Amino acid sequence: MSLTKTERTIIVSMWAKISTQADTIGTETLERLFLSYPQTKTYFPHFDLHPGSAQLRAHGSKVVAAVGDAVKSIDSIGAALSKLSELHAYVLRVDPVNFKLLSHCLLVTLAARFPSDFTAEAHAAWDKFLSVVSSVLTEKYR
Amino acid sequence: MSNFTAEDKAAITGLWAKVNVEDAGGETLGRLLVVYPWTQRFFDSFGSLSSPSAIMGNPKVKAHGVKVLTSLGEAIKNLDDLKGTFGQLSELHCDKLHVDPENFRLLGNVLVTVLAVLHGKEFTPEVQASWQKMVAGVASALGSRYH
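A quick note: this is a predicted structure, and the numbers were derived from the prediction, not measured. (Residues numbered from 1 in each chain as written. Chains lettered and ligands numbered in written order. Predicted model: local features only at pLDDT ≥ 70, side-chain atom pairs only at ≥ 80, totals over all residues. Heavy atoms only, no water.)

**A short note on the overall build of chain A**
Within chain A, the secondary structure is distributed over 7 helices and 0 strands. Along the first, second and third principal axes, the C-alpha set of chain A runs to 40 × 35 × 20 Å. Relative to its full complement of 142 residues, chain A shows a buried share of 46%. Intrachain contacts of chain A at a sequence separation of at least 6 include 77% that bridge at least 24 residues. Per element, the accessible surface of chain A, about 7,100 Å² overall, is 58% carbon and sulfur. (Helix = DSSP H or I, 4+ residues; strand = E, 2+ residues; numbered from the N terminus. Buried < 20%, exposed > 50% of the residue type's maximum accessible area, 1.4 Å probe, protein only. Contact = heavy atoms within 4.5 Å. Areas by Shrake-Rupley, 256 points an atom, 1.4 Å probe, with all protein chains shown as cover.)

**Some words on unusual backbone geometry**
Unlike most non-glycine residues, arginine 93 of chain A shows phi in positive territory, near 50°. Considering the arrangement of structural elements, one finds arginine 93 of chain A in the loop between helix H5 (82–92) and helix H6 (97–113). Given the relative accessible area of 57%, arginine 93 of chain A is considered exposed. In this structure, histidine 98 of chain B is a non-glycine residue whose phi angle is positive, near 55°. Position of histidine 98 of chain B among the secondary structure elements: in the loop between helix H5 (82–96) and helix H6 (102–119). Look at histidine 98 of chain B and you get exposed, because its relative accessible area is 54%.

**So, the UniProt feature "domain: Globin" (unreviewed entry) in chain A**
Those residues carrying the UniProt feature "domain: Globin" (unreviewed entry) are residues 2–142 of chain A in this numbering. With 70% helix and 0% strand, the stretch residues 2–142 of chain A has end C-alpha atoms that lie 22 Å from each other. (UniProt positions renumbered as here; feature names shortened; annotations may be inferred.)

**Considerations on the UniProt feature "domain: Globin" (unreviewed entry) in chain B**
The feature "domain: Globin" (unreviewed entry), as annotated in UniProt, sits at residues 3–147 of chain B in this numbering. Between the C-alpha atoms that bound residues 3–147 of chain B there is a distance of 25 Å. The span itself is 70% helix and 0% strand.

**Considerations on helix H1 (residues 5–18) of chain A**
Given a rise of 1.5 Å per residue, 14 residues ought to cover 20 Å, and the 20 Å separating the end C-alpha atoms of H1 of chain A matches this to within 8%. The inward-facing, buried residues of H1 of chain A contact helix H2 (22–36), helix H3 (54–72), H6 and helix H7 (120–138) of chain A. (Expected span 1.5 Å × (residues − 1).)

Have a look at this one:
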């Protein structure tokens, strides 16, 4: 599965808007994840996960920054996220099902914040893009 | 499986009261067909589904989307007995329509996304969590009589 030119254009142009709210988007995405899918909290026993916690904010920023890296290297996501892919495979070992849950929560966050940009076509492009990112992050699992 | 708290019910019914089923129905089914094109397999009789604009503008898609969300609206009045409410529809989707229940999960998540588009800030993480329970309950109920 690879992104078409149109899909890449949609992602890159939306990212310009999104990146201005990057940090709060990250935090909101994680809040949505932990509330809707409480089982995902099992990966963060060492975190204070209360809304507004510094750790939540820091981690949200990290996640969105990584998505940003993928956007900036949208023609070579595998190379851009190679280290992160290894981290997830050998250290974090997050079960692959969770990438879909996080992706969904990021989509919902974007939809809520950028409703007029989040057309059906943009929705499809983002869903596909995050699916590609998820594949890259799990490709070294076994 | 789905135990709705008083807060869940308030979040679900409260938001639903503001939903225009005419608009949301077409958006929801349309987006399912655009974002997950393989779901078009159930709709050969719907005419042109050749592009996102064709799909989103297709009157049959809109009409069917309204049908689906109207049914969901009925379920919202019976949150404590989703299995009972959807029993016959479950049999229909299995025996006549031959729909893989995975599609119910996909549609549920598309609906959640559409609600976010339509309600923005109001669709808080807490409200979303209640709605995820809702769509999971519906998907489970619709799959409950498969055999």
